[in-house]
Amino acid sequence: MCCPAHSPREGRACAAGGAEPTSLASARLGRGGTSHADWPPRGAESGEARPENPPAERSSASGAAARAAAVRRRSPSRQAPRQSRVDSSPPQRHTPPWSRRPPLRASIPRAERTRVTMLVPPDMMAAQSKMLYQINKYYGERVQSRKGQVAKTIREVCKVVQDVLKEVEVQEPRFISSLTECNGRYEGLEVISPGEFEVVLYLNQMGVFNFVDDGTLPGCAVLKLSDGRKRSMSLWVEFITASGYLSARKIRSRFQTLVAQACDKCAYRDSVKMIADTTEVKLRIRERYVVQITPAFKCSGVWPRSAAHWPIPHIPWPHPNLVAEVKTEGFDLLSKESVAMQGKQSAMEGDAWVLSFTEAENRLMLGGCRRRCLSILKTLRDRHLDLPGNPVSSYHMKTLLLYECEKHPRELEWDESCLGDRINGILLQLISCLQCRRCPHYFLPNLDLFKGKSPSALENAAKQVWRLTRELLTNTRSLEKL
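Since we're looking at a predicted model, the values are computed, not measured.

(A) Highlighting the packing of aromatic side chains. Across all of its chains, the model carries 13 aromatic pairs by this definition. Measuring from centroid to centroid gives 6.1 Å for Trp236 and Phe239, while their planes differ by 45 degrees, and the two rings are tilted. What makes Trp236 buried here is its relative accessible area of 0%. Taking relative accessible area as the criterion, Phe239 reaches 6% and is therefore assigned buried. Taking 5.1 Å as the distance between ring centres and 70 degrees as the angle between the ring planes, the aromatic pair formed by Trp310 and Phe443 counts as edge-to-face. One end of the pair, Trp310, is in the loop between β9 (289–299) and α6 (320–329); the other, Phe443, is in the loop between α10 (419–436) and α11 (455–474), with 133 residues separating them in the sequence. Accessibility assignment for this pair places Trp310 and Phe443 in one class, buried.

So, in structure tokens, the structure goes:
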């Protein structure tokens, strides 16, 4: 039985020594408590059997055990368990529990961890990878083929237009050609479709006019003399009305006459003809392509009042720096017929200029896969949505893409891996607009881009877009045959 004054660990060491507590000095004694002086033990002389081991051997064995017990008494902490292999990692510095930061996964229960990793099923990931592969293949084959064909057509068309505008400039130096090539692109050229283009001819000396945008003409504005006494200072004095407005229709009429004369004198007179029955300046080239030439003024550093609501507050896209660039770039005023003015009786209808935000829209397209997305949508439109009455145009696709940017403002959402979702989202928006028979302009929401389209054409287009979208949503290999 252990001594009451000692722990069980110490009790084992003093069990053979009676009530005397075991110490390091007494540990040098044998188990029976005898010393070397008592050897041999009593009774050895009388013929009693001697012990098997001499006291020196017994004391060495028992001394080792006693020393180990003494060491244990001095260090009461439990020894670390023996490791099965050598740990070469540096020792961990002790930190108090409240300062320890557990790993992120350690803070999530195991069951919750399993649920988090299974949010996206493996079959969905595989379908997304297949869709991305099909999109990239479609872009490399169909889209690039369309781009190459359009680029070839642009070079062919621009040669003819440049020659015509050169003849116009000879007759009237105020209409200076601004169609110049820069890094493979032509300034002022817009692709409406693979067979239809628009060339913007920028005019000079707008400084004596004030830009008036009071909202009475949706999507339009007027240019008025800042001072009646400056009328004679204007380069376009004969096109100013009695009220002091610079008439877009009068300038376009004069330009149309000059272009008709230039077509008869230019080197390509056998390949180019004016299209009649319109107040627009339109050319038909080689009986295959249509080019509209539009006189315009560039308005830099100003922003129209009708677009003052943009950008919408509390939406993180576009970034304020990009907004500042877009507003500094400004917009254009085009001398062309406005669909919004059809059926309206207004004294300023012929004097109004159409607002155009082409440069601003192109600048917003930069970054992520936005331009790639638009190119795919244009290709799908040309191959499957080129319908009678032209209810769906490339400009509708561009407008809805800008709205999609507001719905998905993070750049991560315009990564290549999200391209399929963005395309489907825009097509679903298009179906909704066609069914509601209204597609608001991105910068001018009061302007309906579907105005003038017949209800039957819009309804037919909605059905066709839905067939296309359903195929894309249900068949990962649908782009192979689209």
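(B) Representation of the side chain of Arg422 in the model. If you trace the backbone, Arg422 turns up in helix α10. What makes Arg422 buried here is its relative accessible area of 7%. Here Glu413 takes part through its backbone oxygen, which lies 2.8 Å from a polar atom of the side chain of Arg422. In contact with Arg422, other than residues within four places in its own chain, are Cys373, Glu404, His408, Glu413 and Trp414.

(C) Region of interest: the environment of Leu430. Among the structural elements, Leu430 can be located in helix α10. For Leu430 and Val392, which are 38 residues apart along the polypeptide, the C-alpha to C-alpha distance reads 8.8 Å. When sequence neighbours within four positions are dropped, the list of residues in contact with Leu430 reads Leu385, Val392, Met397, Leu400, Phe450 and Val465.

(D) Expanded view of the pairing of strand β11 (residues 353–356). Bridge analysis of strand β6 (residues 220–225) against β11 gives two bridges, and the strand direction is antiparallel. Note that in β11 the partner of Cys220 across the bridge is Val354. Two strands pair when backbone bridges link them, and strand β10 (residues 331–334) and β11 are joined in this way by three bridges, in the antiparallel orientation. The partner of Asp332 across the bridge, within β11, is Ser356.

(E) Spatial organisation of helix α9 (residues 394–407). In a regular helix each residue adds 1.5 Å, so 14 residues correspond to 20 Å; α9 covers 20 Å between its end C-alpha atoms and thus fits that length. All buried positions along α9 are accounted for by Ser394, His396, Met397, Lys398, Thr399, Leu400, Leu401, Leu402, Tyr403, Glu404, Cys405 and Glu406. Elements that come into contact with the buried residues of α9 comprise β3 (189–193), α7 (358–364), α8 (370–384) and α10.

(F) Fine view of the environment of Ser306. Looking at where Ser306 falls in the secondary structure, it is placed in the loop between β9 and α6. Separated by 139 residues in the primary sequence, Ser306 and Pro445 have C-alpha atoms spaced 9.0 Å apart. Ignoring anything within four residues of it in the chain, the contact list for Ser306 reads Asp213, Leu355, Phe443 and Leu444.

(G) Quick look at the packing of α8 against α10. Put simply, α8 and α10 touch, their axes get as near as 10 Å, and they point 50 degrees apart. Considered as vectors, α8 and α10 are oriented oblique to each other. Judged by the sense of rotation from one axis to the other, the crossing of α8 with α10 is right-handed. Along the contact surface, α8 presents Arg372, Cys373, Ile376 and Leu377, while α10 presents Leu419, Arg422, Ile423, Ile426 and Leu427. Here the residues of the contact of α8 with α10 are counted per class, giving seven nonpolar, no polar and two charged.

(H) Fine view of the pattern of salt bridges. In this structure the tally under the stated criterion is 22 salt bridges. The shortest N-O distance in the salt bridge between Glu287 and Lys273 comes to 3.8 Å. Taken together, the positions of Glu287 in the loop between β8 (282–285) and β9 and Lys273 in strand β7 (residues 272–274) put the pair 14 residues apart, joining distant regions of the chain. You can call Glu287 exposed: its relative accessible area is 55%. Note that Arg410 is salt-bridged to Glu413, the shortest N-O span being 3.8 Å. Judged by relative accessible area, Arg410 falls into the exposed class, the value being 51%. Here Glu413 falls in the buried class, since its relative accessible area comes to 17%. A cluster of three or more residues bridged by salt bridges with shared partners is formed by Arg146, Arg381, Asp382 and Asp386.

(I) Structural context of α11. If you check α11, its first and last C-alpha atoms are 29 Å apart, about what 20 residues at 1.5 Å a residue would give, namely 28 Å. Of the positions making up α11, those classed as buried are Ala457, Leu458, Ala461, Ala462, Val465, Leu468, Thr469 and Leu472. The buried residues of α11 occupy one face: seen down the axis, they fall within an arc of 135 degrees. When the buried face of α11 is taken as reference, the exposed residues oriented beyond 90 degrees from it are Ser456 and Thr474.

What counts and how
Residue numbering note: each chain is counted from 1, following its sequence as written. This being a predicted model, a pLDDT of at least 70 is required before a residue's local features are given, and a value of 80 or more before pairs of side-chain atoms are given or counted; all residues contribute to the totals for chains, interfaces and linings. Note: side-chain values were computed over all heavy atoms of the structure, leaving out hydrogens and water. Think of it this way: a Phe, Tyr or Trp ring, Trp meaning its six-membered ring, pairs with another when their centres are within 6.5 Å, and the plane angle makes it stacked under 30 degrees, edge-to-face over 60, tilted otherwise. Whether a residue is buried, partly exposed or exposed follows from its accessible area with a 1.4 Å probe, protein chains only, as a fraction of its type maximum: under 20%, in between, or over 50%, in that order. Secondary structure follows DSSP: runs of H or I at least 4 residues long count as helices, runs of E at least 2 residues long count as strands, and numbering of each begins at the N terminus. What qualifies as a polar contact is a pair of N or O atoms within 3.5 Å, subject to a donor-acceptor requirement within protein and to the restriction that residues adjacent in sequence count only when both atoms come from side chains. Should any heavy atoms of two residues lie within 4.5 Å, those residues are counted as being in contact. Any two strands between which DSSP finds at least two bridges are classified as paired. The span you would expect from a helix comes to 1.5 Å times its residue count less one. Throughout, an axis means a line fitted to C-alpha atoms (over the contacting stretch in the case of helices), and angles, computed between N-to-C directions, take values from 0 to 180 degrees. In what follows, roughly perpendicular refers to angles from 65 to 115 degrees, roughly parallel to angles under 35, roughly antiparallel to angles over 145, and oblique to any angle outside these ranges. Note on convention: near helix rotated counterclockwise from far helix by under a right angle means a left-handed crossing. Clockwise means right-handed. Residue polarity follows a fixed list, in which Ala, Val, Leu, Ile, Met, Phe, Trp, Tyr, Cys and Pro are nonpolar, Asp, Glu, Lys and Arg are charged, and the others, Gly among them, are polar. The salt bridge criterion pairs a side-chain nitrogen of Lys or Arg with a carboxyl oxygen of Asp or Glu, the two atoms within 4 Å. This arc corresponds to the set of directions leading from the helix axis out to the C-beta atoms.

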